[in-house]
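# Coordinates in review
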Amino acid sequence: RGDLRPDRYIAGGIIGCAVSLLPAGGIGVLLGLAMYLPFSVTLGFGLGCVVSMTVSRILGEGFLENMLVPCAAGLIIGEGTAEIIYSIYMIL
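Let us look at the structure shown here. Note that the structure is predicted; figures quoted are calculated from it, not measured.

Secondary structure summary: the protein chain contains four helices and zero strands in total. Computed over the C-alpha atoms, the radius of gyration of the protein chain is 19 Å, more than 25% above the 12 Å expected from 2.2 N^0.38 for a compact globule of 92 residues. For the protein chain, the C-alpha atoms occupy an extent of roughly 55 × 45 × 20 Å along the three principal directions. Residues counted as buried form 8% of the 92 residues belonging to the protein chain. A total of about 7,600 Å² of accessible surface is found on the protein chain, and carbon and sulfur atoms cover 74% of it. Computed over 4 positive and 6 negative side-chain charges, the separation of the two mean positions in the protein chain equals 17 Å.

Now for the layout of surface pockets. Regions of empty space are outlined by a rolling probe, equal in size to a water molecule, passed over the atoms. What the largest pocket holds in volume is close to 300 Å³. Sorting the residues of the lining of the largest pocket by element identifies helix 3 (39-59) and helix 4 (61-91) as the ones contributing at least two each. Broken down by element, the residue count for the lining of the largest pocket peaks at five residues, all from helix 4. Residue composition of the lining of the largest pocket, by class: seven nonpolar, two polar and no charged.

Here we come to the side chain of S56. For S56, the position within the fold is in helix 3. Residue classification places S56 among the buried positions, given a relative accessible area of 17%. Those residues within four positions of S56 in sequence are excluded, and the remaining contacts are E61 and L64.

Moving on to the environment of L30. Tracing the chain through its elements places L30 in helix 2 (residues 26-36). Each C-alpha atom of the pair L30 and L68 lies 20 Å from the other, and the pair is 38 residues apart in sequence. Once you skip the residues sitting within four places of it in the chain, L30 turns out to touch T42, F45 and G46.

Conventions and cut-offs
Along each chain, numbering runs from 1 in the same order as the chain's sequence is written. Residue-level local features of this predicted model are given only where pLDDT is at least 70; pairs of side-chain atoms are given and counted only at 80 or more, and the full residue set underlies all totals for whole chains, interfaces and linings. Excluding hydrogens and water, the side-chain values take into account all heavy atoms of the structure. Under the scheme used here, helices are H or I runs from DSSP no shorter than 4 residues and strands are E runs no shorter than 2 residues, and both carry numbers assigned from the N terminus. As a reference, a globule follows 2.2 Å times the number of residues to the power 0.38, and the radius of gyration itself is taken over C-alpha atoms. Here the term buried applies to any residue with accessible area under 20% of the maximum for its type, exposed to any over 50%, and partly exposed to those in between, with areas from a 1.4 Å probe on protein chains only. Here the Shrake-Rupley method, with its probe set to 1.4 Å, supplies the accessible areas, and only the displayed protein chains count as covering residues. His is not counted here, nor are the chain ends, while Lys and Arg score as positive and Asp and Glu score as negative. Note on charges: their place is set at NZ of Lys, CZ of Arg, CG of Asp or CD of Glu. Of the two site types, the cavity is a set of points on a 1 Å grid over the protein atoms alone where a 1.4 Å probe fits but cannot get out, and the pocket is an open set with protein on both sides within 12 Å along at least five of seven lines, each lined by residues with an atom within 4 Å of a point. Grid points are joined across faces, edges and corners, and a volume is the space filled by probe spheres set on the points. Basically, the charged four are Asp, Glu, Lys and Arg, the nonpolar ten are Ala, Val, Leu, Ile, Met, Phe, Trp, Tyr, Cys and Pro, and anything else, Gly included, counts as polar. Contacts are assigned to residue pairs that have any heavy atoms within 4.5 Å of one another.

What follows is the structure, encoded as structure tokens:
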């Protein structure tokens, strides 16, 4: 097709590589998500990154990995499970 622009792909690859080399690696993911997802999701992800970096500096990586990550995973699983149970209840 005639609408393929290699210069955009090359520029995107260069920018993606440059952003991934920054000290805050999550910024590349944040920029990628910002292009496709609503602002509320991107804002939540960005604030989560800032909180994660702050907690990591104050309380250390161990606390973040051993306490907060499992807690966050539990919240995500709990939300999904509650939604499934509620959906089943509404169907019945």
